[in-house]
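Structure assessment
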Amino acid sequence: MKSIVIYFSESGNTKKAAQFIAQETHSDIDELKPTKPYPDNYDRLVEVSGDEIDNNIHPAIDKDFNFSDYNVIYLGYPTWYHQTPMIINSFFDTYDLSNKTIIPFTTTYSSEFDESKPFIEKISATRNVKLATGFRANSDTEIKKYLTK
Ligand SMILES: Cc1cc2nc3c(=O)[nH]c(=O)nc-3n(C[C@H](O)[C@H](O)[C@H](O)COP(=O)(O)O)c2cc1C
């Protein structure tokens, strides 16, 4: 069974978690990026990402992935506004993920995984994927706890 870690990370925390997960699970790894980068300025980032939610904007992704070789996708994202960033909607819009197992993970300041969980459940519901129980990946300990369960 071949796996890949795909992550969206704005300030590096999810990237770090993704790298650790890839190492621990012997997975390939790649980054999910919007075509139009988010602003570096925090206030502007808050504005732009909030506007995406308010207006149901699914930002375009900057590259074509081919997931045909993989059965399992670890999908990482920061929790934004107690939910999944809108690029996660774009991810499910853009790729054929039929019959793949998706294992979501998130990094957060303090939110639990359970906050973004209903959003990933809703987004993936019509996509013919197997959604695994996900987890929060705020530390190596938290990650290992999930992976060794
Ligand atoms: C726009 C925005 C909204 C956020 N909302 C939340 C939140 O609802 N709950 C939380 O615990 N952290 C929140 N955070 C903090 C991030 O989830 C946290 O810093 C995460 O680890 C960032 O991951 P990254 O470095 O991969 O981008 C938010 C950060 C940003 C920029």
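Here is what the cut-offs are and how they apply
- Residues numbered from 1 in each chain as written.
- Predicted model: local features only at pLDDT ≥ 70, side-chain atom pairs only at ≥ 80, totals over all residues.
- Heavy atoms only, no water.
- Salt bridge = Lys/Arg side-chain N within 4 Å of Asp/Glu carboxyl O.
- Helix = DSSP H or I, 4+ residues; strand = E, 2+ residues; numbered from the N terminus.
- Buried < 20%, exposed > 50% of the residue type's maximum accessible area, 1.4 Å probe, protein only.
- Contact = heavy atoms within 4.5 Å.

1. Points about the pattern of salt bridges
- A complete count under the given rule lists six salt bridges for this structure.
- For the salt bridge of Asp93 with Arg127, the shortest nitrogen-to-oxygen distance reads 3.0 Å. One end of the pair, Asp93, is in helix α3 (residues 86-94); the other, Arg127, is in the loop between α4 (113-124) and β5 (130-131), with 34 residues separating them in the sequence.
- Looking at Arg127, the relative accessible area reads 30%, which means it is partly exposed.

2. A look at the environment of Phe91
- Note that Phe91 resides in helix α3.
- When its relative accessible area of 0% is taken as the criterion, Phe91 is described as buried.
- For the pair Phe91 and Pro118, spaced 27 residues apart in sequence, the C-alpha to C-alpha distance is 16 Å.
- Excluding anything up to four places from it in sequence, Phe91 contacts Ile6, Leu32, Ile61, Phe67, Ile73, Leu75 and Leu97.

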